[in-house]
Amino acid sequence: MEIMTISDVTKQVAVSTRMLRYYEKAGLVKSLRIPGYAYRVYDEAQVRRLQQILALRKLRIPLKQIATILQDDSRRQTLDILQDNLAQLEEEILALAMVRSVLKILVSRLEHSLQEKVDPVFLEDQELLEMIHVLQPPKNTLKEEKSMGDFIKAGEASGTKRDMRIVYLPPATVASYRCVKENPEDEAGAQIYSYIRKNRLPEKKPDFRLYGFNSPSPQPGQAVYGYEFWVTIPEGMEVPAPFEKKHFAGGQYAAHCIKMGDFQEWEPFYKAVQNMEEYEADFREPEGMGGCLEEELNIYTNIQDPTRQGADQLDLLIPIKRREG
């Protein structure tokens, strides 16, 4: 039986160590422990399983449905899932075809009006309005309108429109915990969650927030890297070792919300920020991710309910500043 280390797997199937760790935590793949060997390893069956997961994700199959497919020996549930996804896709294709038809009509009419130098009649045709009325609104709505022009253009330049906002993070005192090992998020997360519960932070600071970042970032071929969590605390709260008390300067950030596990969104998000007209990236401390952060948006609920598995949503955060000139 051939076995592979986590770095071997990430190279062969082009998946990040963090994504692999997330799939394992979700129970989709399983690693092995070899006595006397420091790192987790994967056998051929698990590597094939991982390849199947990645293939299904590219087909837009949700992870919960993938879990069902992987356990479905009869393939009857798999057939139902694929048929449902196909039906949804065909509905989407039909809707997009109708959108295209309406836009073509509008473009044609406006071009004709401008060529003939007559006042263009726009969205006054009752039959056309009825066609538009049956269309569903876009699923991804922008949460803030201020300065959204930059983000729409940036999203289009990166190949897709994304849910992105400009947010301001206030300065804060934080309790920090950093771990450097294989899959450091697990231990760092357990420690910071324990600190929050032990100190009854939801009572003492109901608006507390939890940020995280690589410190240092994973490197190709290396299973060991670092992850650090910051939880905002009252200024006067004591912070015992191994936690550290630090000051977070806050500032302006570009924000993009993802479902937990969709860390592949970092790359197109970076590209979108690089293409903004009004703003540019302002990389800064802390080191590891140049000041970029990941904020758990469901932290309060997760703390109140220990049976939950972790964050359902994250905000990816890139520090920004206005372009000069």
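From a predicted model like this one, the values you see are computed outputs, not experimental measurements.

Basis of the calculations
Residues numbered from 1 in each chain as written. Predicted model: local features only at pLDDT ≥ 70, side-chain atom pairs only at ≥ 80, totals over all residues. Heavy atoms only, no water. Helix = DSSP H or I, 4+ residues; strand = E, 2+ residues; numbered from the N terminus. Polar contact = N/O pair within 3.5 Å; in protein donor to acceptor, adjacent residues only side chain to side chain. Contact = heavy atoms within 4.5 Å.

**Q** Sorry, what's going on with unusual backbone geometry here?
**A** With glycine set apart, most residues show a phi of negative sign, and most peptide bonds adopt trans. Residue Pro-216 is reached from Ser-215 by a cis peptide bond, and omega for that bond is 0°. When you line up the elements, Pro-216 lands in the loop between strand E5 (210-214) and strand E6 (224-233). Of the consecutive residues Ala-241 and Pro-242, the connecting peptide bond is found in the cis state with omega at 10°. Relative to the helices and strands, Pro-242 is located in the loop between E6 and strand E7 (244-248). Not every positive phi belongs to a glycine, and Arg-60 is a case in point at roughly 70°. Mapped onto the elements, Arg-60 comes out in the loop between helix H3 (44-58) and helix H4 (63-71). Non-glycine residue Arg-200 carries a positive phi angle of around 50°.

**Q** Sorry, what's going on with the side chain of Thr-5 here?
**A** Within the element layout of this structure, Thr-5 appears in strand E1 (residues 3-5). Side chain to side chain, Thr-5 and Asp-8 meet in a polar contact 3.0 Å long. In this structure Thr-5 touches Tyr-37, Arg-40 and Val-41, once residues within four positions along its chain are discounted.

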